[in-house]
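Working through the structure, step by step
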Amino acid sequence: MFIIDLHYTAPLEELDKHMAAHVSYLDKYYKADVFLMSGRKVPRTGGVIIAQADSKEILEKIIAEDPFHKHNLAEFSITEFNASKSHPVINGIIR
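One structure accompanies this document, and this report is about it. (Residues numbered from 1 in each chain as written. Predicted model: local features only at pLDDT ≥ 70, side-chain atom pairs only at ≥ 80, totals over all residues. Heavy atoms only, no water.)

Brief notes about the sheet that holds strand β3 (residues 46–51)
- Taken in spatial order, the four strands line up as β2-β3-β1-β4 in an open sheet, and their pairing is antiparallel. Of all the strands in the sheet, just β2 (35–40) and β4 (74–80) have a single pairing partner and so form its edges. For this sheet, the mean angle separating the axes of adjacent strands, direction not counted, is 15°.
- Pairing of strand β1 (residues 2–8) with β3 involves six bridges; the strand directions are antiparallel. Within β3, the residue paired with isoleucine 4 across the bridge is isoleucine 49.
- Set on the sheet, helix α3 (residues 56–63) makes contact with β1, β2, β3 and β4; between it and β4 the angle comes to about 160°. (Pairing = 2+ DSSP bridges. Helix = DSSP H or I, 4+ residues; strand = E, 2+ residues; numbered from the N terminus. Axes fitted to C-alpha atoms, helices over the stretch in contact; angles between N-to-C directions. Contact = heavy atoms within 4.5 Å.)

Some words on the environment of leucine 59
- Relative to the elements of secondary structure, leucine 59 occurs in helix α3.
- Between the C-alpha atoms of leucine 59 and isoleucine 4, which are 55 residues apart in sequence, the distance is 9.3 Å.
- Apart from the residues within four sequence positions on either side, leucine 59 is in contact with Phe2, Ile4, Val34, Phe35, Ala51, Ala53 and Ile78.

Comments concerning the environment of leucine 26
- Residue position: leucine 26 is located in helix α2 (residues 19–31).
- Separated by 11 residues in the primary sequence, leucine 26 and methionine 37 have C-alpha atoms spaced 9.7 Å apart.

Regarding α3
- What α3 keeps buried is the set Leu59, Ile62 and Ile63. Seen from one end, α3 has its buried residues packed into an arc of 100°, which puts them on one side. When the buried face of α3 is taken as reference, the exposed residues oriented beyond 90 degrees from it are Glu57 and Lys61.
- Looking at the packing, one finds that the buried side of α3 touches β1, α2, β2, β3, α4 (67–70) and β4. (Buried < 20%, exposed > 50% of the residue type's maximum accessible area, 1.4 Å probe, protein only. Arc of directions from axis to C-beta.)

Digging into the nonpolar core
- The biggest cluster of nonpolar side chains holds 22 residues, and the ones touching the most others in it are Ile4, Phe35, Leu59 and Phe68.
- Listing elements by their share of this core, those giving two or more residues are β1, α2, β3, α3 and β4. (Core = buried A, V, L, I, M, F, W, Y, C linked by side-chain atoms within 4.5 Å.)

Some words on the pairing of β1
- Along β1, the buried face is formed by Phe2, Ile4, Leu6 and Tyr8; none of Ile3, Asp5 and His7, which line the opposite face, is buried.
- Looking at chain direction, β1 and β4 are connected through seven bridges and run antiparallel. Along β4, the bridge assignment pairs histidine 7 with glutamate 75.

In short, geometric facts, not functional conclusions.
See the structure below:
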């Protein structure tokens, strides 16, 4: 399991120009069962994605497709963790 932490480096107006493409990117990886949860930070300085992938290297390739990454609008950091406990509702989707 991974936590992807986005920190915006561009003005929100610039990010908003790419938001529709970013949402399409997120949808693609929700359908592929890679992304489990995502959302904006409060205050809106970035975002967080909870993901599952076979390796950090695979996840780095996926992140490279994000329009926010392609256009250098955000910095991305990845934290890998071993999920030792989870709510029963999500147990069926975690691999």
